[in-house]
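Overview (structure and organization)
The lines below spell out each chain.
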Amino acid sequence: MAGVGLRAAARCWLLCGSHGGRRAASSSPSCPGCGPPGPGPHCPGAPRSAPSPLSEHLWARYQDMRRLVHDLLPPEVCSLLNPAAIYANNEISLRDVEVYGFDYDYTLAQYADALHPEIFNAARDILIEHYKYPEGIRKYDYNPSFAIRGLHYDIQKSLLMKIDAFHYVQLGTAYRGLQPVPDEEVIDLYGGTQHIPLYQMSGFYGKGPSIKQFMDIFSLPEMALLSCVVDYFLGHGLEFDQTHLYKDVTDAIRDVHVKGLMYQWIERDMEKYILRGDETFAVLSRLVAHGKQLFLITNSPFSFVDKGMRHMVGPDWRQLFDVVIVQADKPSFFTDRRKPFRKLDETGSLHWDRITRLEKGKIYRQGNLFDFLRLTEWRGPRVLYFGDHLYSDLADLMLRHGWRTGAIIPELEREIRIINTEQYMHSLTWQQALTGLLERMQTYQDAESRQVLAAWMKERQELRCITKALFNAQFGSIFRTFHNPTYFSRRLVRFSDLYMASLSCLLNYRVDFTFYPRRTPLQHEAPLWMDQLCTGCMKTPFLGDMAHIR
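Residues numbered from 1 in each chain as written. Predicted model: local features only at pLDDT ≥ 70, side-chain atom pairs only at ≥ 80, totals over all residues. Heavy atoms only, no water.

Quick word on the sheet that holds strand S12 (residues 323–326)
The strands that make up a sheet are held in pairs by hydrogen bonds between backbone atoms, and each pair lies either parallel or antiparallel. Basically, it comes down to this: Strands pair, by our definition, only if DSSP identifies at least two bridges between them. A helix here means a DSSP run of H or I that spans at least four residues, while a strand means a run of E at least two residues long, and both kinds are numbered starting from the N terminus.
Ordered by their spatial adjacency, 9 strands build an open sheet running S1-S17-S16-S15-S3-S11-S12-S14-S13, and the pairing between neighbours is mixed. Edge positions in the open sheet fall to strand S1 (87–88) and strand S13 (341–344), since each of these has one partner strand only. Relative to strand S15 (residues 383–387), strand S3 (residues 99–102) is paired through 4 bridges, and the arrangement is parallel. Looking at the pairing, Tyr100 lines up with Leu384 of S15.

See the structure below:
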C-alpha cells in the first residue's frame, strides 16, 4: 500500500505540483498548479490577493515549464537503462586484457538476502549469551529495509548517517538507534555545520579515528544490529559507553565469520544461499575458451571455497584457474611484503617448502601481491580484477599497481529498475526543471516574488523526499544524496574502471568489447539545465529572460 501511495503522490506532483489540484483544461484556468494560464485564489500555493505583474510572470513561467516537462517527456525515455549492463568509469578495451582475477564472496559467489537475518540473529545471540547484553535485545528482528551500504557511523555520537562526496551529511538521513535525529541537532553536533572534516571521516580503508564507513554487503546486518542495540539502551534509559557498544557489536559480527557459522549455513543449503552459479560457470568457461588466464584471491578458507565452486562449476573447477589463493588477508595482502605463500594439500594441511612458482591446480594460502607479481609477471592494465569491496578488493590494485578493476554492486540492479520507472523519471525531471526555475528567477526579489520562490523551494524539497523514498525510506539511494554523489559513489568512480550488478553481466559482451564512459559535462560546460536539454526546451518561451545568467 505504501508503494501505491508513493506512486499516487508522484503522479500528483507531475500533474498538479504541490498545490493539490489536477491540471486539466476544463478546470479553473487560474491555478498555477492545476491548469493554464495563471495563478488563482483557490490554489493554496497561489497569491490570495490580486497578484502583482511580477508574481504573475513567475507563475506563468512555472506553468510553461510544467507543460513542457509533462507534454514533451516521451514515454520511451523510461526503461532506457539496462540492469544487466556494464557501466564504465574509464575507457577500457577487453581486447587488451589477458588475465582476469576474482574475489570469491559476492563476486564469483552471489548470496541470497536470506543470509542477512541469519548473521543478525547469530550476532545478537552472541551479544546476549557471551557479552551479557540485556535479554530484551532478543526481541529485535532483522529489518532488511532499514540500512543501505556505504553509510558512516560516528562512534562517539552513536550516529548512523549518509554522507555525500563533499563530506556533508545529507539532512534527514541521520539516525541514532532506530530513530531519526532532527536536522538541527545534527548541525549542532558538528559545530553548526553539516560538514565532517577530513581528519574525522575515514582513512584509506574507510576506518577513521571516530567514524567508520560500512562498505561491504556483509555490513548490512551489522548496521541493523548496531542500531537495534542502541535503540534498546536509549529506550530503556540505560547508560552505556559508545565505544564499548560499537566494539562489542562488531566483535559479535566478526565472531559469526571467525567461528565459521556463516560458512556452515551456506554449505548446508547451497541451493538456498548461492545465486547465479550456472552464470558464474558460463563466465569462467567462456574466458578460458578465449585463451584468458584466470586467478582467484579470496579471504575465505579453502574448504568453503572448494564446496561452493564444486556446487557452481563442478569438481574440476581448479582446472579453470591458473592460480588460487585463499585466506589472503586482504587488504594487507596488497601492501604487506612480509607474508610468504604456503601451499595447501587436498586435506587443507600446510606444506613447509618454499614457494618458487605458483602452479596451476594447486592451492596457496596468504602470501602477498609483491611475490605474486614477481612469480606470475602479471602486471599493469593487462590484468582486470573483480571484487565487491571498493577498499579491500580494488583500491590498492588501481592506485598502486595499475591493474584494471571491476566492481560488483548487486544493489545496482534494483536501483536501475527504480530509475526506469515513469514515476521516478517524471519526478526527477520536474525536480530539475523546478531547480532551474529557482536559479533563473531568483533575480526577482520583491516581497510577492519571494513568496513564489519560497513556494517553489518547498515543492522542490517535498519532491526530493518522495524521490529519495523510492529507494529507501531512511537513507535513499546508495549512489546519490539529493543531488550530489554519495561518498560511496565517489569511491566507486575512483577505484573501479567498470561496475555492474553481477559477474554474469560479462556474458552480454564480446571478449574484445571496448567500454566507453559517457562524457558528462562539467558545470562550466553545461550552459542549460538538464531538463532544458532532454525535453527539447531550447524553445523555452522565456529563454531570453535568463540569457544573462546562463
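A few points about the side chain of Ser427
As a reminder, the rule being used: Counted as a polar contact is a pair of N or O atoms within 3.5 Å, where, for protein atoms, one must be capable of donating a hydrogen and the other of accepting one, and residues adjacent in sequence contribute only when both atoms are in side chains. Here, residues are in contact when the closest pair of their heavy atoms is within 4.5 Å.
By secondary structure assignment, the location of Ser427 is in helix H15 (residues 422–441). Within the structure, the side chain of Ser427 is placed 3.1 Å from the side chain of Thr467, a separation counted as a polar contact. Excluding residues that lie within four positions of it along the chain, Ser427 makes contacts with Leu463 and Thr467.

Observations concerning the nonpolar core
Heads up, the rule is: Definition used in this section: a nonpolar core is a set of buried Ala, Val, Leu, Ile, Met, Phe, Trp, Tyr and Cys residues joined via side-chain atoms within 4.5 Å. We call a residue buried when its accessible area falls under 20% of the maximum for its residue type, exposed when it is over 50%, and partly exposed in between, using a 1.4 Å probe and counting protein chains only. Where each domain starts and ends follows an automatic or database-derived domain assignment.
Ranked by size, the top nonpolar core spans 138 residues in total, and within it Phe102, Tyr104, Tyr111, Phe295, Met309, Phe321 and Phe372 carry the most contacts. Tallying contributions element by element places helix H6 (residues 219–235) first for this core, with 10 residues. When we break this core down by domain, the ones giving at least three residues each are domain 1 (97–109 + 275–385) and domain 2 (114–268). What Phe321 contacts, discounting residues up to four positions off in sequence, is Phe102, Leu108, Leu284, Leu294, Phe295, Leu296, Met309, Lys360 and Gly361.

Quick word on the UniProt feature "active site" (unreviewed entry) in the protein chain
Applied cut-off: UniProt positions are given in the numbering used here, feature names are shortened, and annotations may be inferred rather than shown by experiment.
What UniProt calls "active site" (unreviewed entry) maps, in this numbering, to Asp103 and Asp105. Within the fold, Asp103 resides in the loop between S3 and strand S4 (110–111). When near neighbours in sequence (up to four residues on either side) are disregarded, Asp103 contacts Leu108, Leu296, Ile297, Thr298, Lys330, Tyr385, Phe386, Gly387, Asp388 and Asp393. At 2.9 Å, the side chain of Asp103 forms a polar contact with the side chain of Lys330. Within the secondary structure layout, Asp105 lies in the loop between S3 and S4. Discounting residues that sit within four places of it in the chain, Asp105 has contacts with Tyr111, Phe218, Thr298, Ser300, Phe304 and Asp388.

As for the packing of H6 against helix H7 (residues 242–258)
For clarity, the cut-off: The angle between two axes is taken between their N-to-C directions and runs from 0 to 180 degrees, where each axis is a line fitted to C-alpha atoms and a helix contributes only its stretch in contact. The scheme is simple: roughly parallel for angles under 35 degrees, roughly antiparallel for over 145, roughly perpendicular for 65 to 115, oblique for anything else. Crossing chirality is assigned from the near helix's rotation relative to the far helix, an anticlockwise turn below a right angle marking it left-handed and a clockwise turn marking it right-handed.
Where H6 contacts H7, the axes come no closer than 10 Å and their chain directions differ by 140 degrees. Taken together, the axes of H6 and H7 are oblique relative to one another. The handedness of the crossing between H6 and H7 comes out as right-handed. Contacts between H6 and H7 involve Pro221, Glu222, Leu225, Leu226, Val229, Val230 and Phe233 from the former and Leu245, Tyr246, Val249, Thr250 and Ile253 from the latter.

A look at the pairing of strand S16 (residues 404–408)
Which entries qualify depends on this criterion: A clockwise course of the path from the first strand over the helix to the second, judged with the strands pointing away from the viewer, identifies a crossover as right-handed.
Across the 5 residues that make up S16, a large majority, 5, are buried. Burial along S16 is two-sided: the residues Arg404, Gly406 and Ile408 and Thr405 and Ala407 are all buried. Taken together, S15, helix H13 (residues 390–399) and S16 form a β-α-β motif whose crossover is right-handed. Two strands pair when backbone bridges link them, and S16 and strand S17 (residues 498–500) are joined in this way by 3 bridges, in the parallel orientation. Opposite Ile408, over in S17, you have Met500 as the bridge partner.

With respect to the sheet that holds strand S5 (residues 152–154)
Across the sheet, 5 strands lie side by side as S8-S7-S6-S5-S9; this open sheet has antiparallel pairing. The open sheet has two free edges, formed respectively by strand S8 (179–180) and strand S9 (211–213), since each of these has just one partner strand. Pairing of S5 with S9, which is carried by 3 bridges, proceeds in the antiparallel orientation. If you follow His152 over to S9, its bridge partner there is Gln213.

Points about helix H8 (residues 261–268)
In an α-helix, one turn spans 3.6 residues; hence positions three or four apart end up facing the same way. Stated formally: Note: the arc covers the axis-to-C-beta directions of the helix.
Those residues of H8 not exposed but buried are Met262, Tyr263, Trp265 and Ile266. All buried residues of H8 project into a common sector of 160 degrees when viewed along the axis, lining one side.

Some points on H13
Counting buried positions along H13 gives 9 out of 10 residues, so the element sits mostly inside the fold. Those residues of H13 lying buried are Leu390, Tyr391, Ser392, Asp393, Leu394, Ala395, Asp396, Leu397 and Met398.

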